[in-house]
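# Architecture at a glance
Residues per chain are reported as follows:
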Amino acid sequence: MTSTVPAAVEQAVRQQPPITMFGPDFPYAYDDFLAHPAGLGQIPATEHGREVAVVGGGLSGLVAAYELMKMGLRPVVYEADQLGGRLRTVGFDGCDPSLTAELGAMRFPPSATAVQHYIDLVGLRTSPFPNPLAEATPSTVVDLKGESHYATTIDDLPQVYRDVADAWRRCLEEGADFSAMNRALRERDVPRIREIWARLVEKLDNQTFYGFLCDSDAFRSFRHREIFGQVGFGTGGWDTDFPNSILEILRVVYTEADDHHRGIVGGSQQLPLRLWRREPEKIVHWAPGTSLASLHDNGEPRPAVARLDRTADDRITVTDEHGEVRTYRAAVFTAQSWLLLSRIDCDDSLFPIDHWTAIERTHYMESSKLFVPVDRPFWRDEDPATGRDVMSMTLTDRMTRGTYLLDDGPDRPAVICLSYTWCDDSLKWLPLSADERMEVMLKSLGEIYPDVDIRGHVIGDPVTVSWENEPWFLGAFKANLPGHYRYQRRLFTHFMQDRLPADRRGLFLAGDDISWTAGWAEGAVQTALNAVWGVMHHFGGATDPGNPGPGDVFDEIAPVELPED
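Rules used throughout
Residues numbered from 1 in each chain as written. Predicted model: local features only at pLDDT ≥ 70, side-chain atom pairs only at ≥ 80, totals over all residues. Heavy atoms only, no water. Buried < 20%, exposed > 50% of the residue type's maximum accessible area, 1.4 Å probe, protein only. Helix = DSSP H or I, 4+ residues; strand = E, 2+ residues; numbered from the N terminus. Contact = heavy atoms within 4.5 Å. Polar contact = N/O pair within 3.5 Å; in protein donor to acceptor, adjacent residues only side chain to side chain. Core = buried A, V, L, I, M, F, W, Y, C linked by side-chain atoms within 4.5 Å. Pairing = 2+ DSSP bridges. Axes fitted to C-alpha atoms, helices over the stretch in contact; angles between N-to-C directions. 1 Å grid on protein atoms, 1.4 Å probe; cavity = no way out; pocket = protein on both sides within 12 Å on 5 of 7 lines; lining within 4 Å. Points joined across faces, edges and corners; volume = space filled by probe spheres on them. Nonpolar A, V, L, I, M, F, W, Y, C, P; charged D, E, K, R; others polar. pLDDT = per-residue confidence, 0-100. Parallel < 35°, antiparallel > 145°, perpendicular 65-115°, else oblique.

## Structural notes on helix H10 (residues 246–254)
Counting buried residues along H10, nine of its nine residues qualify, which places the element largely inside the surrounding structure. Within H10 the residues assigned to the buried category are Ile-246, Leu-247, Glu-248, Ile-249, Leu-250, Arg-251, Val-252, Val-253 and Tyr-254. Summarising the contacts, the buried residues of H10 are in contact with helix H5 (159–176), helix H6 (178–187), helix H7 (190–204), helix H8 (209–214), strand E20 (477–478) and helix H15 (485–492). Put simply, Ser-245 is the residue that caps the front of H10, since its side-chain oxygen is 3.1 Å from the backbone nitrogen of Leu-247.

Next comes the structure, spelled out in structure tokens:
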């Protein structure tokens, strides 16, 4: 709910370079890599036109496929569901087509500079997202234990909320060297980043988020910890993350991934869909006008993958759900890694055993959303008795947890995200239909706004998603538990395949759950670029000396390696 930047450094920070998702685990400048005029590298002409399988048509898969195509390779994209993955934008039956719901990613931080590269590349626009107490949010209501507080800034809330915000700042400063790391990330001071982070990884890998709070004198009060969990910072309450590793949380707050969010105008799914159709200005081997869509029959990806095998000469063989078998010298797997354990029949020799262990130990978060279309943004009406908005962006401990109000102006239909929940809060209504969920959420909101007829403004059927119930996802995203750092390191560094046995190479992992920042599109893009470098290297290619790739500088900035014994 509040800024994660300590007040003592806010003014100085304004004079510093902008914060980006540069580390802390692997401080490599992906944005500079993408922007360099030399491009991402090249492969020998003898390999031009060679097919590379890309399993998964989400953002990571399409970034990898797009960049490999530009190098002269022929990506063959397999997609079980629909292009976009968890960048999924849907409409409402029978309603104005401009009304959309973001079932997956709906907001992006300015620090996600690699994602922004592709947003700009395909010509999309962004606008501020109405998070709690954000400048773009007219008002926020915090409702806890049956008591509601109306606010436009944090100063409008009772003192205890400001005390909690201050406790969080002090906790970060005292327990995680926030100011020093923030400054090092802004200045891209790699030695300093690595020095601070190595110490914290060793110290905190076994610590939960909740344990980190409890160890801080700033959070000695249970009441403060409870309020923080329910209201939180940035986008709202984070108590559902309390069992997770504190390292997961520090990555978010260090890089301001949970602040200053923007949404893609017209819907986030446009980004992968436009990449699919985009014809690059600079492309090797292929004729001008080539796109990923044009390289696929009827402009459609291949169907779901049913089986993956290693076959003769260290090839990767892909069998799709229709029984068609194709063999490749290299493949990139970008779908959620749990699918390798369940939905896809896999040869054990695909990965070394310690990588299989890391995949099995991956911990996923559940997440659900429920949206309804409404006739207009009635929440902007003024209550004549109070002079306040009749309804606000709402954080609560009731079933809805987070309610977001989304509109494009006073005279147009609008959308309410009635509920956005995580983990146990998401599982509470997993068995319910969309209509049943709506009834539960309207009841909860009716207790907060007894004089507002929300139902009377609804003009269409609700749409909902529970990512844990989606057969090709099985959860929203990875969230490491304490002690999982070593597993994540194995997955992230998998693209450095010259360190693997010769008979375990050629299949590259990518996707946000392979990254250090799962749940953020930036992680999906960064690991896609790692895989692109890996495939290029596998085919005997190289980067321009003036624009070294992530693998070229790996040894200088490699993630902390904890002992295994």
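## Examining the environment of Ala-518
You can see Ala-518 is positioned in the loop between strand E21 (507–509) and helix H16 (521–538). The class of Ala-518 is buried, set by a relative accessible area of 9%. In sequence terms Ala-518 and Val-201 are 317 residues apart; their C-alpha atoms lie 17 Å from each other. When residues no more than four places from it in sequence are discounted, the contact partners of Ala-518 are Phe-477, Lys-478, Asp-512 and Asp-513.

## Describing the environment of Lys-203
Among the structural elements, Lys-203 can be located in helix H7. Looking at Lys-203, the relative accessible area reads 55%, which means it is exposed.

## Describing the nonpolar core
Of all hydrophobic cores here, the largest spans 163 residues; its most connected members are Trp-168, Leu-250, Leu-271 and Phe-333. Of all hydrophobic cores here, the second largest spans 20 residues; its members include Val-141, Trp-379, Met-391 and Trp-429.

## A closer look at the sheet that holds strand E2 (residues 74–78)
Spatially, four strands are ordered E2-E1-E12-E21 in an open sheet, and the strand pairing comes out parallel. With one partner strand each, in any of the chains shown, E2 and E21 form the two edges of the open sheet. For this sheet the average axis-to-axis angle between neighbouring strands, irrespective of direction, equals 20 degrees. The pairing of strand E1 (residues 51–55) with E2 spans five bridges and is classified as parallel. Bridge pairing links Val-55 to Tyr-78 in E2.

## Some details on empty space enclosed by the protein
Applying the stated criterion across every chain yields a total of six cavities of 30 Å³ or more. In this structure, the second largest cavity encloses a volume near 120 Å³. If you trace the second largest cavity, you find 15 residues lining it, with Met-21, Gly-23, Trp-516, Thr-517 and Gln-526 closest to the centre. Looking at the lining of the second largest cavity residue by residue, the class counts come to eight nonpolar, four polar and three charged.

## Section: the confidence of the model for the protein
The predicted model of the protein averages 95 in pLDDT, with 97% of residues at 70 or higher. Throughout residues 1–5 the model reports pLDDT below 50, and contacts reaching past four residues in sequence, or to other chains, amount to 34 contacts.

## Overview of the packing of helix H4 (residues 113–121) against H16
Direction vectors running N to C along H4 and H16 enclose 85 degrees, while the axes themselves pass 7 Å from each other. As summarised for this structure, H4 and H16 are arranged roughly perpendicular, according to the angle between their axes. In contact with Thr-113, Ala-114, Val-115 and Tyr-118 of H4, H16 contributes Ala-521, Glu-522, Val-525 and Leu-529. Class assignment of the residues belonging to the contact of H4 with H16 gives a composition of six nonpolar, one polar and one charged.

## A short note on the layout of surface pockets
Estimated volume of the second largest pocket: approximately 640 Å³. Secondary-structure elements contributing two or more residues to the lining of the second largest pocket are strand E4 (100–102), strand E5 (126–128), strand E8 (262–264), strand E17 (402–406) and strand E18 (414–422). In terms of residue count, E4 provides more of the lining of the second largest pocket than any other element does, three residues in total.

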